[in-house]
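Architecture and fold: a report
This is what each chain is made of:
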Amino acid sequence: MEKEWELFLAPYEQAVGEMKVKLRGIRKQFREQNKHTPIEFVTGRVKPVDSILTKAALRNIPVNRLEEEMQDIAGLRIMCQFVEDIRQVVDIIRNRKDLKIIQERDYITNKKESGYRSYHLVIEYPVQLITGEKNILAEIQIRTLAMNFWATIEHSLNYKYQGAFPEEMKERLQRAAEAAYQLDEEMSTIREEIQEAQHLFSHGRGKSKDN
Ligand code: 0O2
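Attention here is on the structure that accompanies the text.

**Observations regarding the overall build of the protein chain**
The number of helices and strands found in the protein chain is 7 helices and 5 strands. Helices and strands in the protein chain line up, N terminus first, as α-β-α-α-β-α-β-β-β-α-α-α. Based on the C-alpha atoms only, the size of the protein chain along its principal axes is roughly 60 × 50 × 35 Å. Within the protein chain, buried positions represent 35% of all 211 residues. Each charge class in the protein chain was averaged separately, 33 positive and 34 negative side chains, and the resulting centres sit 3 Å apart.

The following block contains the structure:
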């Protein structure tokens, strides 16, 4: 059984590995050209087998339909400094020739009831196997650092409470999500100044006496 899962998940591991390199490559190009990078950092994971089985049971997905119906077995996450960067990242991904966007979910304009915000893309990504090409579904979540901060903490609390938050906790998390969003808005308004400072900093680096 374990071996079967390993074989089933291998193309997903390959897709996540390749996508991480490619998405980090975008950041690298911006930095090489001394431009503000819309990508702060990238993470990726293959969903653990127990999470796949839990989600499949919850959504009534038969195990032999996972490839077609579970879109986030391969998951990538892109963190951005500013809300505006998210749009730019989506545009860059949209213009790529090595993947195809098949669904977009904008949980920034339409936040989830929990308070969750992120921009989700479901993509189809071809991996080259020794048996030929295989199209893999993957979910890319694009969010600001503040959205990620909130989602990470909410996710671990969710795990602890098994999704059944006490009402007060739920409200506090919703308020915290709003506070995180206001922080993003505030950062956007002073974005110009921050970028200017970052530009000066990266140009100044290496010129100080200490280096
Ligand atoms: P994990 O552990 O992150 O893998 P639906 O829920 O039906 O609207 P669906 O198909 O689940 O839609 O996809 P959706 O909502 O676009 O993406 C689900 C993923 O988004 C989740 O994966 C989380 O990563 C993230 N997410 C969605 N809602 C929330 C939320 O309220 N809080 C947090 N912290 N993350 C959220 P999994 O499989 O649930 O979990």
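Having put the structure on the table, let's press on.
**Notes on the site of the ligand**
Residues in contact with the ligand amount to 17 residues; listed here are only the nearest, Lys47, Arg105, Lys112, Ser114 and Glu154. One nitrogen or oxygen atom from the side chain of Glu154 is found 2.7 Å from a nitrogen atom belonging to the ligand. Protein contacts shield 72% of the accessible area of the ligand, which totals 760 Å² for the unbound molecule. Those elements that provide at least two residues to the shell around the ligand are α2 (49-59), β5 (132-144) and α5 (145-161). Of all the elements, α5 adds the most residues to the shell around the ligand, at 3 residues.

**Quick word on the pattern of salt bridges**
Counted under the stated rule, the structure contains 18 salt bridges. The residue Asp98 makes a salt bridge to Arg96 at a minimum N-O spacing of 2.9 Å. Through salt bridges with shared partners, a single ionic network connects Arg45, Lys47, Lys55 and Asp72.

**Some words on the nonpolar core**
Counting 40 residues, the largest nonpolar core has Ile78, Ile93, Ile140 and Ile142 as its most contacted members. Looking at this core, the elements that each hand over two or more residues are α1 (2-32), β1 (41-46), α2, β2 (74-80), α4 (83-94), β4 (119-129) and β5. At 9 residues, α1 tops the list of elements feeding residues into this core. Not counting chain neighbours up to four residues away, the residues in contact with Ile93 comprise Leu23, Ile78, Leu99, Ile101, Leu121, Ile140 and Ile142. Listed in part, the 7 residues of the second largest apolar core include Tyr107, Tyr116, Trp150 and Ala177.

Definitions and cut-offs
- Residues numbered from 1 in each chain as written.
- Predicted model: local features only at pLDDT ≥ 70, side-chain atom pairs only at ≥ 80, totals over all residues.
- Heavy atoms only, no water.
- Helix = DSSP H or I, 4+ residues; strand = E, 2+ residues; numbered from the N terminus.
- Buried < 20%, exposed > 50% of the residue type's maximum accessible area, 1.4 Å probe, protein only.
- Lys, Arg positive; Asp, Glu negative; His and termini not counted.
- Charge placed at Lys NZ, Arg CZ, Asp CG, Glu CD.
- Near = heavy atom within 4 Å.
- Polar contact = N/O pair within 3.5 Å; in protein donor to acceptor, adjacent residues only side chain to side chain.
- Areas by Shrake-Rupley, 256 points an atom, 1.4 Å probe, with all protein chains shown as cover.
- Salt bridge = Lys/Arg side-chain N within 4 Å of Asp/Glu carboxyl O.
- Core = buried A, V, L, I, M, F, W, Y, C linked by side-chain atoms within 4.5 Å.
- Contact = heavy atoms within 4.5 Å.

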